[in-house]
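For reference, the chains in residue letters:
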Amino acid sequence: AWMDVEPETRFPTTVDDVRKILVQNKMVVRTASDDSANYRAMAIAGWLHLLSRIGSGIDPVLADAVVVEAERWVRRIAAIDAGALHYYRFVGVKNG
């Protein structure tokens, strides 16, 4: 559902797949943390900030673009809330 409105093809992957890719590239993964809640909060805060800045004096063409992007973010946030989409932060160091 959330991917249906993305502007480009997305390739969701699992945490294990990302770990494998990092290890294959000689990285030692120190942290793999689900930062979805923080990412969600930052996204909502960013949208609230934008809305507080633009008010009602927005060009109609720009308004159309903002609406399209907002619809994408509504779907992304709904997917995060449903547990279907996660935002992970990986920290690693090069090994060798």
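Bear in mind the structure is a predicted one, so any value in this text is a computation, not a measurement.

Caption draft 1: Highlighting the overall build of the protein. Across its full length, the protein carries three helices and two strands. From first element to last, N terminus to C terminus, the protein shows the α and β order α-β-α-α-β. Its C-alpha atoms give the protein a radius of gyration of 17 Å, clearly above 12 Å, the size a compact globule of 96 residues would have. If you line up the protein on its principal axes, its C-alpha atoms span 55 × 25 × 25 Å. In the protein, which comprises 96 residues, the proportion classed as buried is 16%. Surface summary for the protein: the accessible area is close to 7100 Å², and the carbon and sulfur share equals 58%.

Caption draft 2: Spotlight on the packing of helix H2 (residues 36-54) against helix H3 (residues 60-82). Contact geometry for H2 and H3: axes closest at 11 Å, N-to-C directions at 155 degrees. Judged by the inter-axis angle, H2 sits roughly antiparallel to H3. Note that H2 runs across H3; the crossing there is left-handed. Side by side, H2 and H3 meet where Ser36, Tyr39, Arg40, Ala43, Ile44, Trp47 and Leu50 of the first sit next to Val66, Glu69, Ala70, Trp73, Ile77, Ile80 and Asp81 of the second. Here the residues of the contact of H2 with H3 sort into 10 nonpolar, one polar and three charged.

Caption draft 3: Examining the packing of aromatic side chains more closely. For the structure shown, the criterion picks out three aromatic pairs. With 6.0 Å between their ring centres and 45 degrees between their planes, Tyr39 and Trp73 make a pair best called tilted. Placement of Tyr39 in helix H2 and of Trp73 in helix H3 is noted, with a sequence separation of 34 residues between them. With relative accessibility at 26%, the residue Tyr39 sits in the partly exposed group. In this structure Trp73 comes out as buried when scored by relative accessible area, which is 15%. Measuring from centroid to centroid gives 6.2 Å for Tyr88 and Phe90, while their planes differ by 35 degrees, and the two rings are tilted. When its relative accessible area of 31% is taken as the criterion, Tyr88 is described as partly exposed.

Rules used in this analysis
- Numbering of residues begins from 1 in every chain and follows the order in which that chain's sequence is written.
- For this predicted model, a pLDDT threshold of at least 70 governs which residues receive local features, and a threshold of 80 or more governs which side-chain atom pairs are given and counted, while totals over whole chains, interfaces and linings are taken from all residues.
- Each side-chain value is worked out from all heavy atoms of the structure, with water and hydrogens disregarded.
- Helix and strand labels come from DSSP, where a helix needs a run of H or I of at least four residues and a strand needs a run of E of at least two; each type is numbered from the N terminus.
- The quantity called the radius of gyration is restricted to C-alpha atoms. Its globule counterpart is 2.2 Å times the number of residues to the power 0.38.
- Throughout this description, buried means an accessible area under 20% of the type-specific maximum (1.4 Å probe, protein chains only), exposed means over 50%, and partly exposed covers the range between.
- Surface accessibility follows the Shrake-Rupley procedure with a 1.4 Å probe radius. Residue values consider only the protein chains on display as shielding.
- For helices, the fitted line uses only the C-alpha atoms of the stretch in contact; every axis is such a line through C-alpha atoms, and the angle between N-to-C directions lies from 0 to 180 degrees.
- By definition in this entry, angles of less than 35 degrees are roughly parallel, angles greater than 145 are roughly antiparallel, angles of 65 to 115 are roughly perpendicular, and the rest are oblique.
- Crossing handedness: left-handed means the near helix sits turned counterclockwise from the far one by under a right angle, and right-handed means the same turn made clockwise.
- Contacts were defined at the residue level, with two residues in contact if any of their heavy atoms lie within 4.5 Å.
- Basically, the charged four are Asp, Glu, Lys and Arg, the nonpolar ten are Ala, Val, Leu, Ile, Met, Phe, Trp, Tyr, Cys and Pro, and anything else, Gly included, counts as polar.
- Side-chain rings of Phe, Tyr and Trp, where Trp is taken by its six-membered ring, are said to pair if the distance between their centres is within 6.5 Å; with planes under 30 degrees apart they count as stacked, over 60 as edge-to-face, and otherwise as tilted.

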